[in-house]
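What the coordinates show
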Amino acid sequence: MSPLFLDAIALTYRPDLDVLFLRWPQPVYAFTVREVYKQVLELAQETNARYWLFDIRSRGPLSDEDMDWVTKEFYPNLHAKASLTHVAYLLAPAHAEDQQTIALGQQLKAQSWFGRDADFEGFTSETDALHWLKKCQLVEVER
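Here we summarise the structure given alongside this text. (Residues numbered from 1 in each chain as written. Predicted model: local features only at pLDDT ≥ 70, side-chain atom pairs only at ≥ 80, totals over all residues. Heavy atoms only, no water.)

1. Observations regarding the overall build of the protein
Quick reminder of the rule: To qualify as a helix, a DSSP run of H or I must reach at least 4 residues; to qualify as a strand, a run of E must reach at least 2; elements of each kind are numbered from the N terminus. The contact definition used throughout considers only heavy atoms, calling two residues in contact when any of these lie within 4.5 Å. Per-residue and other accessible areas follow the Shrake-Rupley method at a 1.4 Å probe size, with only the shown protein chains counted as cover for residues.
When you go through the protein residue by residue, the secondary structure sums to five helices and six strands. In sequence order, the secondary structure elements of the protein are arranged as β-β-β-α-β-α-β-α-α-β-α. Contacts spanning at least 24 positions in sequence make up 70% of the contacts within the protein whose residues lie at least 6 apart. On the protein, roughly 8,200 Å² of surface is accessible, and the fraction owed to carbon and sulfur atoms is 51%.

This is the structure we're talking about:
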């Protein structure tokens, strides 16, 4: 499948890896987070992709309103009937070490949907992120 470019967003599914990639190479103002995540869901449904890599190193922070929507709407409603979705977030090193980011990650992991509808980890290396997604795939094959 060829990449879908939404202004500054690149959304691609790699069947050889069974990974959906969302890359935000720069701050995006032309599309809302909800519009972009809607495109992610459409591609994920078309491809049955449950392993996602979101490169948000240059995206910029979410507004409080968008973060609330991601936490209370997007993740809890990912797959009402399907299996767990694994999301690897690729972060800039400063973002990964930021105390607010760490606290937010801990808050999200305490949500009722975490581990049921979705799970995630943050990484500063794409190689590490892809290894984690592969590990998630292998664990599910072994079940």
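2. Focus: the pairing of strand β4 (residues 51-55)
Under the convention used in this document: Exposure categories follow from relative accessible area, calculated using a 1.4 Å probe and restricted to protein chains: below 20% of the type maximum is buried, above 50% is exposed, and the middle band is partly exposed. Here a strand pair is declared whenever DSSP counts at least two bridges between the two strands.
Judged by how many residues are buried, β4 sits mostly within the fold: five of five residues are covered. Of the two faces of β4, the one lined by Tyr 51, Leu 53 and Asp 55 and the one lined by Trp 52 and Phe 54 are each fully buried. For strand β3 (residues 19-23) and β4, the ladder comprises four bridges, and the chain directions are parallel. Each bridged residue has a counterpart across the sheet, and for Phe 21 the counterpart in β4 is Leu 53. In this structure, β4 lies alongside strand β5 (residues 85-90), joined through five bridges in parallel fashion. Bridging across to β5, Tyr 51 finds its partner in His 86.

3. Observations concerning unusual backbone geometry
Backbone geometry places Asp 18, a non-glycine residue, at a positive phi of 55°. Its location among the elements puts Asp 18 in the loop between β2 (9-14) and β3. Positive phi values are uncommon outside glycine, yet Asn 48 reaches one of about 60°. Here Asn 48 shows up in the loop between α1 (33-47) and β4.

4. Re the packing of aromatic side chains
Condition: Stacked, edge-to-face and tilted are the three classes for Phe, Tyr and Trp ring pairs, Trp counted by its six-membered ring, which pair at centre distances within 6.5 Å; planes under 30 degrees apart are stacked, over 60 edge-to-face, the rest tilted. Cation placement over rings: the criterion is NZ of Lys or CZ of Arg within 6 Å of the ring centroid and within 35° of the ring normal.
Counted under the stated rule, the structure contains 15 aromatic pairs. Ring centres of Trp 69 and Phe 74 lie 5.6 Å apart, and the angle between their planes is 35°; on these two criteria the pair is classed as tilted. One exposure class covers both Trp 69 and Phe 74, and it is buried. Here Tyr 75 and Trp 113 contribute two aromatic rings whose centre-to-centre distance is 4.7 Å and whose plane-to-plane angle is 20°, an arrangement assigned as stacked. On the criterion of sequence distance, the pair formed by Tyr 75 in the loop between α2 (64-74) and β5 and Trp 113 in the loop between α4 (99-109) and β6 (118-123) is long-range, its members being 38 residues apart. Trp 113 sits in the buried class, given a relative accessible area of 1%. Members of the aromatic cluster, connected to one another through ring pairs, are Tyr 37, Trp 52, Phe 54, Trp 69, Phe 74, Tyr 75, Tyr 89, Trp 113, Phe 114 and Phe 120. In this structure, Arg 59 is placed above the aromatic ring of Trp 24, and the distance from its NZ or CZ to the ring centre is 5.6 Å.

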